[in-house]
Amino acid sequence: MGSDNDIPVACSAPGKVLFTGGYLVLDRQYTGLVFGLDARIYVYVQALSESTSTPTLVVRSPQFQDAEWRYGYRKVEDNGGIQATQLKTAAFMRCYVLEYLKLHWPTTLGSSLFTIWADKDYYSTPGMPKGRFVDFKVPLHEAHKTGLGSSAALVTAFTAATLAYYLPPDIFSLASGNGRTKLHNLAQAAHCSAQGKVGSGFDVAAAAYGSCVYRRFSPKVLEEIGEPGEPGFSTRLRAVTDDTSPHQKWDTSIDEAAAIVPKGLLLVMCDVDCGSETVGMVKKVLNWRKERPEEATPLWSDLQRANENLGQQLRSIASTPTSSGIQSLRTIILTIRSLIRQMSVKAGVPVEPPVVTALIDACSDLPGVVGGMVPGAGGYDAVALLVEDKEEALSGLQEFLARYRSEGNENDGGRIGKVRLLGVKQEHEGVRMEDVGHNALADI
Ligand SMILES: Nc1ncnc2c1ncn2[C@@H]1O[C@H](COP(=O)(O)OP(=O)(O)OP(=O)(O)O)[C@@H](O)[C@H]1O
Ligand SMILES: C[C@@](O)(CCOP(=O)(O)O)CC(=O)O
């Protein structure tokens, strides 16, 4: 049995797009403008009906082939926390959440079943399957991600659902600011562990809070936790989650009110088939920045200023929509893109490569398209566009993309193939509880 009354729980968390601030957001001096998306990952928790000799967690993802993982767990001496024993296939879920739970719930945790559902736009699916939660018809490792941040959304929804399932509302509730903060902290810790590195964390922040202007935490906050099973891990994890460490406080700043897509505009995403690898881009940009601070520092300052202008302009249009406001928005986007191209050339990294410049320029010339950006780390595989919220603007864009053929060549460093408008748009809300009666979620 899980919680006292064994009531199933469902939570969902949104995907993300880092519209501006890629690379800069890795450094606390700068910020990122990140939008949550209406593509969500859902986690449904219920008691496990099969009987097991030891407490067992079963996690399954029915949209993929062979996607079921079983975990047993046991308490480790010396305050080392809970160690999960993988009973079946490898998966990335770690025991952070369980460990935190155990601190509040010292009796044995019951066995439970976690079912994961992902909105279809997280993966490129051949054809246009109908319905929200489609069968991707491949094993997870063969699925083509569209870059919407599935792992951060999953870890955040999973963490929220687990805490909400096992803990009474007076100890954990997403409705309280304190509950959401703890969820954010714990999900950041679990996600870093799953990824094997401490990134900027903007994706987990968007999953937890939705759209926001994000300033990262000092890496030190998470670097000292150590690994599950090590002496004192449990105490350190609790201090990090509850933010009671005497050594290092959370210093993240998440401003949800500052990230607005004004009424009348839509932020949409295009998935690009690409024939080039962009592995190691972050490392290369950071190396260049380190080696050439005299070039990088002024560029970073200019980009930060332009990115702040963009956020400010979006807020200004939201309060007073004018066509001159939209025109200024266009100009600011072009300024940011030009700075990003300088970064690309100087660092020798295809953040906005020529073929993508051509694509965004062509889209920006279409009626109703305000402008576009390479999201996140950039590269060849996606673009984010700001478009007027009008049927004709979207259908015009869709028709244009269906006919689009890139004229790029290998000398540009890469090629792009088909471009597809994803069915996602910006959504402000972060992680939330879902109605367990939701038809598709309950269908298990
Ligand atoms: N629907 C799902 N069911 C089960 N596991 C999933 C699902 N979606 C994502 N995952 C897990 O998240 C991992 C993806 O993490 P990865 O770091 O590759 O992508 P990501 O950080 O989400 O990338 P991006 O930000 O580009 O979208 C998968 O390997 C899998 O372990
Ligand atoms: C380059 C970087 O700033 C953004 C990467 O974003 P994405 O994974 O491409 O969406 C890295 C980070 O912030 O962790």
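Please read these numbers as outputs of a predicted model, since none were measured by experiment. (Residues numbered from 1 in each chain as written. Chains lettered and ligands numbered in written order. Predicted model: local features only at pLDDT ≥ 70, side-chain atom pairs only at ≥ 80, totals over all residues. Heavy atoms only, no water.)

**Here we look at the pattern of salt bridges**
Pairing of side chains with opposite charge becomes possible as their charged atoms draw close.
Right, so step 1: This model, assessed by the stated rule, comprises 19 salt bridges.
Right, so step 2: The salt bridge partner of arginine 28 is aspartate 251, with a shortest N-O separation of 3.7 Å. A residue pair is termed long-range when its members are at least 10 positions apart, and arginine 28 in the loop between strand S1 (9–20) and strand S2 (32–47) and aspartate 251 in the loop between helix H6 (233–242) and strand S8 (253–255) qualify at 223 residues.
Right, so step 3: Across the pair aspartate 38 and lysine 425 runs a salt bridge, and its minimum N-O distance is 3.2 Å. Here aspartate 38 is found in strand S2, whereas its partner lysine 425 is found in strand S12 (residues 416–425), with 387 residues between them in sequence. (Salt bridge = Lys/Arg side-chain N within 4 Å of Asp/Glu carboxyl O. Helix = DSSP H or I, 4+ residues; strand = E, 2+ residues; numbered from the N terminus.)

**Notes on the confidence of the model for the protein chain**
Right, so step 1: With 87% of its residues at a pLDDT of at least 70, the protein chain reaches an overall mean of 89.
Right, so step 2: Every residue in residues 87–92 scores below 50 in pLDDT, and together they form 15 contacts with partners more than four places removed in sequence or on other chains.
Right, so step 3: In the predicted complex, the global pTM is 0.93; the interface-specific ipTM is 0.97. (pLDDT = per-residue confidence, 0-100. Contact = heavy atoms within 4.5 Å.)

**What about the nonpolar core?**
Right, so step 1: Of all hydrophobic cores here, the largest spans 135 residues; its most connected members are Trp300 and Leu397.
Right, so step 2: With 12 residues, the single largest contributor to this core is helix H2 (residues 150–166).
Right, so step 3: Beyond its immediate stretch of four places on either side in the chain, leucine 397 contacts Val268, Cys363, Leu366, Val369, Leu385, Val387 and Leu421. (Core = buried A, V, L, I, M, F, W, Y, C linked by side-chain atoms within 4.5 Å. Buried < 20%, exposed > 50% of the residue type's maximum accessible area, 1.4 Å probe, protein only.)

**Here's the deal with the packing of H2 against helix H4 (residues 202–209)**
Right, so step 1: Orientation of H2 relative to H4, taken along the N-to-C sense of each, is 45°, at an axis distance of 8 Å. By the angle between their axes, H2 is oblique relative to H4. The handedness of the crossing between H2 and H4 is right-handed. When H2 is examined against H4, the residues Ala152, Ala153 and Thr156 are found in contact with a partner set consisting of Asp203, Val204, Ala207 and Ala208.
Right, so step 2: Residues belonging to the contact of H2 with H4 are distributed by class as follows: 5 nonpolar, 1 polar and 1 charged. (Axes fitted to C-alpha atoms, helices over the stretch in contact; angles between N-to-C directions. Parallel < 35°, antiparallel > 145°, perpendicular 65-115°, else oblique. Left-handed = near helix turned anticlockwise from the far one by under 90°. Nonpolar A, V, L, I, M, F, W, Y, C, P; charged D, E, K, R; others polar.)

**Some details on the domain arrangement of the protein chain**
In many analyses, interface size is given as the accessible surface area lost on bringing the parts together.
Right, so step 1: If you check the domain split of the protein chain, you get domain 1 (9–256 + 429–442) and domain 2 (265–425).
Right, so step 2: On the domain 2 side, the residues contacting the 24 residues of domain 1 number 31 residues.
Right, so step 3: Buried area between domain 1 and domain 2, summed over both chains or domains, comes out near 2,400 Å², and the portion from carbon and sulfur atoms is 64%.
Right, so step 4: Looking at the side of domain 1 facing domain 2, the largest losses of area belong to Phe19, Tyr23 and Leu24, adding up to 33% of the total buried there.
Right, so step 5: Linking domain 1 to domain 2 there are 2 salt bridges. (Domains from an automatic or database assignment. Buried area = accessible area lost by both parts, 1.4 Å probe.)

**Topic: the site of ligand 2**
Right, so step 1: Taken together, Lys16, Leu18, Gly22, Tyr23, Val25, Leu26, Ser200, Phe202, Val282, Gly376 and Ala377 make up the full set of residues near ligand 2.
Right, so step 2: At 2.6 Å from an oxygen atom of ligand 2 is found a side-chain nitrogen or oxygen belonging to lysine 16.
Right, so step 3: Against a free-state accessible area of 380 Å², the protein chains account for coverage of 75% of ligand 2.
Right, so step 4: Taken together, domain 1 (9–256 + 429–442) and domain 2 (265–425) each give at least three residues to the shell around ligand 2, which thus spans both. (Near = heavy atom within 4 Å. Polar contact = N/O pair within 3.5 Å; in protein donor to acceptor, adjacent residues only side chain to side chain. Areas by Shrake-Rupley, 256 points an atom, 1.4 Å probe, with all protein chains shown as cover.)

**Describing the site of ligand 1**
Right, so step 1: Ligand 1 sits among 17 residues. The nearest are Ser61, Tyr123, Lys145, Gly149 and Ser151.
Right, so step 2: Here serine 150 contributes a backbone N or O atom positioned 2.9 Å from an oxygen atom of ligand 1.
Right, so step 3: Of all the elements in the fold, those that place two or more residues in the shell around ligand 1 are strand S6 (112–118) and H2.
Right, so step 4: Sort the elements by how many residues they give to the shell around ligand 1 and H2 lands first, with 3 residues.
Right, so step 5: Here the residues of the shell around ligand 1 are counted per class, giving 9 nonpolar, 6 polar and 2 charged.

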